[in-house]
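Overview (structure and organization)
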Amino acid sequence: MKLPLHWAVIGLAGCFAALLVGGLTLATAASWPAALLAAVGAGGAAVMGSATLIGQQIE
């Protein structure tokens, strides 16, 4: 089973945003809980935002 490119790009955007925001929050706040909360929030927002921007997949 292959993952469609549409969903792969959305997942990659979410992972990238979560890693970036989580790493920057950890570097500035030095708090694991704050970094995890920021990473989850940024990842979820990036997934929702990129899914909206990319739109529906045309079969």
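For the structure given in this document, a descriptive report is provided here. (Residues numbered from 1 in each chain as written. Predicted model: local features only at pLDDT ≥ 70, side-chain atom pairs only at ≥ 80, totals over all residues. Heavy atoms only, no water.)

With that settled, consider the overall build of the chain. The helix and strand tally for the chain stands at 2 helices and 0 strands. Here the chain has a C-alpha radius of gyration of 14 Å; the compact-globule value for 59 residues is 10 Å, and the former is much larger. Within the span of the chain, comprising 59 residues, buried residues form 22% of the whole. Carbon together with sulfur atoms contributes 78% to the accessible area of the chain, which is approximately 4500 Å² in total. (Helix = DSSP H or I, 4+ residues; strand = E, 2+ residues; numbered from the N terminus. Rg over C-alpha atoms; globule rule 2.2 N^0.38 Å. Buried < 20%, exposed > 50% of the residue type's maximum accessible area, 1.4 Å probe, protein only. Areas by Shrake-Rupley, 256 points an atom, 1.4 Å probe, with all protein chains shown as cover.)

This paragraph deals with helix 2 (residues 32-54). Taking 1.5 Å per residue as the helical rise, helix 2 with its 23 residues ought to reach 33 Å, and the 32 Å between its terminal C-alpha atoms agrees with that figure. Buried residues of helix 2: Ala35, Ala39, Ala42, Gly43, Ala46 and Ser50, and no others. Against the buried residues of helix 2 lie helix 1 (5-29). Backbone geometry just downstream of helix 2 places glycine 55 in the positive-phi region, at approximately 90°. (Expected span 1.5 Å × (residues − 1). Contact = heavy atoms within 4.5 Å.)

The next point concerns a nonpolar patch on the surface. A surface patch of nonpolar side chains, about 430 Å² in accessible area, is lined by Leu5, Val9, Leu53 and Ile54. Counting residues per element, the ones that place at least two in the nonpolar patch are helix 1 and helix 2. Tracing the chain through its elements places valine 9 in helix 1. Note on valine 9: relative accessible area 40%, which makes it partly exposed. (Patch = residues over 30% accessible without salt bridge, like charges linked within 9 Å, V, L, I, M, F, W, Y side chains within 5 Å. Salt bridge = Lys/Arg side-chain N within 4 Å of Asp/Glu carboxyl O.)

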